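Chains, contacts and geometry: an overview
This is what each chain is made of:
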Amino acid sequence: MHQALQYQVERFDYEGRKAYVRRIDSDYFTDAIDYTQVKELRAFESTPVGGGAKSAHGDVRLNRQIVGFKKVKFYTMENVGAGNLSMPEQEMHTTAFWLHFPEAFLARFPDLTPNEKQSGLVAVGALLRTVGALSVMCDPRDLGVSITEAIAGSMKTFEPNLYLYDNYPGGIGQSAALFKFTPRLLEGAVQLLRSCPCESGCPSCVGPVGEVGERGKETAARILGALVERTSDVVRV
Ligand SMILES: [Zn+2]
């Protein structure tokens, strides 16, 4: 989009920093699909939250590669197609707020498959991003969401971090505030989830069902339930 007009990129010259475009009229727009990995470098502070999980903030390293794009329909936000792209990997150092889930935390949900747990965390991430952006009064795009990869496919040692990172090199000070607001973020996420009338997920709450799965909303509710269990007692910030 440029000045409210739509263009399609016909050729992209990465080295020359040029996009060659053609004016079109379309009922969808495209959004990049990125593969982003965040690695914790140093925690500045951390504090326990409910269920044995931890809340922290600190320095992180981020590696991002654009691996494709999806076509998103205007207004309904339906996913109407996708394609592959291969762009050079980019590295960035920034600051992040994160929740750490030890093995014992995820073991509280024995009826869920590893994939369902992962989707549940993605759903929690979507809620926290919305509530977090509101709490620090930033644009949701200023906050990136990422979850630690499962190690070599083995979920036995899967102790993921759910990151909300400052989407700018060096960080812009959002993560310290988010850390301070941990109890408020978790409670806000619970409220947002409960107040949304959708059945199993939508872009207004946990994200569309296509992204979080059929049980995404339910799983997010259970994870958040465990996180807020004793958070107000144990969090002293
Ligand atoms: Zn919803």
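No experiment lies behind these values; they were computed from the predicted model shown.

Okay, the overall build of the protein chain next. A tally of helices and strands in the protein chain yields 7 helices and 8 strands. Relative to a compact globule of 237 residues, whose C-alpha radius of gyration would be 18 Å, the protein chain shows 19 Å and is just as compact. Across its three principal directions, the C-alpha atoms of the protein chain cover 60 × 40 × 35 Å. Restricting to contacts in the protein chain with at least 6 residues of sequence separation, those with at least 24 account for 67%. For the protein chain, the exposed area adds up to about 13,200 Å²; of that, 51% sits on carbon and sulfur atoms. Once the 26 positive and 28 negative side-chain charges of the protein chain are each reduced to a mean point, those two points are 2 Å apart.

Quick look at the environment of G52 now. Structurally, G52 is set in the loop between β3 (28-48) and β4 (54-73). For G52, a relative accessible area of 53% gives the class exposed. Note: C-alpha distance between G52 and K73 (21 residues apart in sequence) is 41 Å.

Look at any regular strand and the pattern is simple: side chains alternate between the two faces of the sheet. Here strand β1 (residues 7-13) pairs with strand β2 (residues 18-23) via 6 bridges, running antiparallel. Along β2, the bridge assignment pairs Q8 with R22. From the end of β1 to the start of β2, which pair antiparallel, there are 4 residues, and R17 there has a positive phi angle of about 55°.

Counted under the stated rule, the structure contains 6 aromatic pairs. Ring geometry for F74 versus Y75: centroids 6.3 Å apart, planes at 50°, classification tilted. Classification of F74 by relative accessible area gives partly exposed; the value is 26%. Y75 sits in the exposed class, given a relative accessible area of 82%. Members of the aromatic cluster, connected to one another through ring pairs, are F29, F74 and Y75. Cation over ring: R11 sits above Y20, and NZ or CZ is 4.2 Å from the ring centre.

Rules used in this analysis
Residues numbered from 1 in each chain as written. Predicted model: local features only at pLDDT ≥ 70, side-chain atom pairs only at ≥ 80, totals over all residues. Heavy atoms only, no water. Helix = DSSP H or I, 4+ residues; strand = E, 2+ residues; numbered from the N terminus. Rg over C-alpha atoms; globule rule 2.2 N^0.38 Å. Contact = heavy atoms within 4.5 Å. Areas by Shrake-Rupley, 256 points an atom, 1.4 Å probe, with all protein chains shown as cover. Lys, Arg positive; Asp, Glu negative; His and termini not counted. Charge placed at Lys NZ, Arg CZ, Asp CG, Glu CD. Buried < 20%, exposed > 50% of the residue type's maximum accessible area, 1.4 Å probe, protein only. Pairing = 2+ DSSP bridges. Phe/Tyr/Trp six-rings, centres within 6.5 Å; stacked < 30°, edge-to-face > 60°. Lys NZ or Arg CZ within 6 Å of the ring centre and 35° of its normal.

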